[in-house]
There are 2 protein chains.
Amino acid sequence: MSDIAKIFHALGDPTRRDMVERLTDAPLSVSKLAEPYAMSLTAVGQHLAILEAAGLVTTQKTGRVRTCALAQPGLDALGEWLAARRSPWARKLDALGDMLDE
Amino acid sequence: MSDIAKIFHALGDPTRRDMVERLTDAPLSVSKLAEPYAMSLTAVGQHLAILEAAGLVTTQKTGRVRTCALAQPGLDALGEWLAARRSPWARKLDALGDMLDE
DNA sequence: CGAATAGTCAAGTTAAAACTTTAGTGTTTG
DNA sequence: CAAACACTAAAGTTTTAACTTGACTATTCG
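Quantities reported herein were computed from a predicted structural model and do not represent experimental measurements.

Quick word on helix α2 (residues 14-25) of chain B
All names here are of chain B. With 12 residues, α2 ought to run about 16 Å at 1.5 Å a step, and its terminal C-alpha atoms sit 18 Å apart, in line with that. Listing the buried residues of α2 in full gives Thr 15, Arg 16, Arg 17, Met 19, Val 20, Glu 21, Leu 23 and Thr 24. Capping the start of α2, Asp 13 holds a side-chain oxygen 3.0 Å from the backbone nitrogen of Thr 15, two or three residues further along.

Quick word on the sheet that holds strand β3 (residues 65-70) of chain A
All names here are of chain A. The strand order across the open sheet built from three strands is β1-β3-β2, with neighbouring strands paired in antiparallel fashion. Both edges of this open sheet fall to β1 (28-29) and β2 (57-62), since each of them pairs with a single strand only. Relative to β3, β2 runs antiparallel, the two being bridged by six bridges. Within the sheet, the bridge partner assigned to Gln 60 lies in β3 and is Thr 67. The strands touched by helix α2 (residues 14-25) are β1, β2 and β3; relative to β3, the strand with the most contacts, the crossing angle is about 90 degrees. Sitting on the sheet, helix α4 (residues 41-53) touches β2 and β3, and the angle it makes with β2 is about 120 degrees.

Some thoughts on the sheet that holds strand β1 (residues 28-29) of chain B
Residue and element names in this part refer to chain B. Strand order in the open sheet formed by three strands is β1-β3-β2, with antiparallel pairing between adjacent strands. Each edge of the sheet is formed by a strand with only one pairing partner; in this case those strands are β1 and β2 (57-62). The sheet contact formed by β1 and strand β3 (residues 65-70) spans two bridges and is antiparallel. Paired with Leu 28 across the two strands is Cys 68, which belongs to β3. In the packing of helix α4 (residues 41-53) onto the sheet, the strands contacted are β2 and β3, and the crossing angle to β2 comes to about 120 degrees.

Rules and cut-offs
Residues numbered from 1 in each chain as written. Chains lettered and ligands numbered in written order. Predicted model: local features only at pLDDT ≥ 70, side-chain atom pairs only at ≥ 80, totals over all residues. Heavy atoms only, no water. Helix = DSSP H or I, 4+ residues; strand = E, 2+ residues; numbered from the N terminus. Expected span 1.5 Å × (residues − 1). Buried < 20%, exposed > 50% of the residue type's maximum accessible area, 1.4 Å probe, protein only. Polar contact = N/O pair within 3.5 Å; in protein donor to acceptor, adjacent residues only side chain to side chain. Pairing = 2+ DSSP bridges. Contact = heavy atoms within 4.5 Å. Axes fitted to C-alpha atoms, helices over the stretch in contact; angles between N-to-C directions.

Encoded structure:
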């Protein structure tokens, strides 16, 4: 699964997208992050693992609490993908470059 | 389902994301769009409906052929969402505005 | 006009995600 | 040191989404 595939798949789920939105404001522990959702802590942990694998969230464990924060790599990759669709000339240049490489 | 939810859900699927990527280069008929995929034309039509509902693709039927092209509204909405995560100060200003409204 | 083309509709099947339960680890607190 | 806390792992269930089949409509071509 490519990076961009992981990112879009991760953000395709409403709960995960909401988590990212809430982490925009401030870092949160797993428990705090889980509070608003009507699901088990385990389920939240699973969502978190997906966000982390996509490079959208980083976490670090101190003692028994894991703190989650927004990560740049995922957002940056998303920005690049979007830029390529919004300025088609950039994509055409890429295609030209690929052609010249052959 | 909110606009941004529709957009991320739509792009969360690999086939639909590939469709959008191919439409970045040029508009295509449904049949041409379907060619690379090992699935029925019906399935492609279903994917297309989801992309259209998300504002990522527009289509128009002329005679018996439907031509599909990339649409701005979806990409713009995605850009706005992303901008809000990448510059947290913007989001904090929004929160301040909401607070002052009360 | 008949056949081929391009796409669509409704309904059912299959495959993938999300979520749960149960049980457990390491960490702090009283 | 026992109990509460914060999370984690494995395995099974349920829900959702993707995809198929078969039948059908409208358009173009010979």
